Amino acid sequence: MALDAGAPDRRPVRRSSVARIFARGRRPSWTLAAAIAVIVIAVLWAVAPWLFTAYDPLVGVPADKLLPPSPAHWFGTDAIGRDLYARVVHGAVYSLSGALMAVTVGLAAGTAVGVLAGSVGGWVDDILMRLVDVLLSIPGLLLMLSVIILLGFGTVNAAIAVGIVSVASFARLSRSEVVRVRRTDYVEAAFGSGGSFLSVLRRHVLPNSLTAVVGLAALQFGTAILAISTLGFLGYGAPPPTPEWGLLIAEGRNYVATAWWLTTLPGLVVLVVVLSANRISQSIGRGTR
């Protein structure tokens, strides 16, 4: 039967992965909305901390030491009278920037290794994937501490160490996605029509294989915050009196019995931010399917 020339085209419109994310994000669940709000507040803490507190995070009043949470001091004060809420707010820049740097290192290096292994194949793939297997066989904390011992202490070196640990995860995921896309018909057709290796890789393989890597990057952001806080708690991150979140928890562990808020409240902030980042990552992962 002939089609009516004036009838509208009823063929389904295919949306890209990004379009599907936004289409599903028009009516987000309350958990996703809460997670986005938490991340936005944490970012604002890092960018403009003076909008949220007027206290100096490094200078305290000795007479006000170890005060419990109150309207004057939302998170209480520490052992030398510094406002704990101000220290948490000002410490966001260290934890979030460190996590962003760690994800950038892992994403850039891991994706480069995975794309090279999946696109070239052969002995190159074998060698790179065996190196990735070696990285995966080493416990993450041990590898991070080894890198920090080589590079030295500090937030930047801690972020690099966390990023190196995540390289293997990015490499394996990007390699598997590249191999999957390379076996599709339209990629084979692109090669058959005379497309060069680099042009096909840039126009067809990479845009259709890196969407899952974006979801992993969002997940690794929350993991990186937790890892950097762990290193700060162990004393391998930012030095005192830097108000880094892990260091804040470590400084209050000697007062758990008398001043519970020194460890509990910064720990809850880290927990909520990490869970929010993981919730957003889960939503991105669903949108890319």
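Quantities reported herein were computed from a predicted structural model and do not represent experimental measurements.

A few words now on the pattern of salt bridges. Throughout the structure, instances matching the rule amount to seven salt bridges. Two residues, D133 and R130, come together in a salt bridge whose shortest N-O distance is 3.0 Å. With D133 and R130 both in helix α4 (residues 122-137) and three residues apart, the pair spans about one turn of that helix. Note on D133: relative accessible area 29%, which makes it partly exposed.

Right, let's talk about the confidence of the model for the protein chain for a bit. Confidence in the prediction for the protein chain averages 83 pLDDT; 85% of positions are at 70 or higher. Here helix α1 (residues 17-24) stands out as the least confident element of the protein chain, with mean pLDDT 45; helix α2 (residues 30-47) is the most confident, with 94. Contacts of residues 1-25 to residues separated by more than four positions or lying in other chains number 14 contacts, the stretch itself having pLDDT below 50.

With that settled, the discussion passes to the packing of α4 against helix α6 (residues 155-182). Closest axis-to-axis distance for the α4/α6 pair is 9 Å, and the angle between their directions is 140°. In terms of axis orientation, α4 runs oblique to α6. Note on packing geometry: the crossing formed by α4 with α6 is left-handed. Across the interface between the two elements, D125, M129, V132, D133, L135 and L136 from α4 touch A168, A171, R172 and R175 from α6. Here the residues of the contact of α4 with α6 are counted per class, giving six nonpolar, no polar and four charged.

With that settled, consider helix α5 (residues 140-151). With twelve residues, α5 extends 16 Å from end C-alpha to end C-alpha; this agrees with the ideal 16 Å at 1.5 Å per step. When we look at burial in α5, the residues that qualify are L143, M144, L145, V147 and I148. For α5, the elements touching its buried residues are α4, α6 and α9 (211-234).

Reading the values: the criteria
Residues numbered from 1 in each chain as written. Predicted model: local features only at pLDDT ≥ 70, side-chain atom pairs only at ≥ 80, totals over all residues. Heavy atoms only, no water. Salt bridge = Lys/Arg side-chain N within 4 Å of Asp/Glu carboxyl O. Helix = DSSP H or I, 4+ residues; strand = E, 2+ residues; numbered from the N terminus. Buried < 20%, exposed > 50% of the residue type's maximum accessible area, 1.4 Å probe, protein only. pLDDT = per-residue confidence, 0-100. Contact = heavy atoms within 4.5 Å. Axes fitted to C-alpha atoms, helices over the stretch in contact; angles between N-to-C directions. Parallel < 35°, antiparallel > 145°, perpendicular 65-115°, else oblique. Left-handed = near helix turned anticlockwise from the far one by under 90°. Nonpolar A, V, L, I, M, F, W, Y, C, P; charged D, E, K, R; others polar. Expected span 1.5 Å × (residues − 1).

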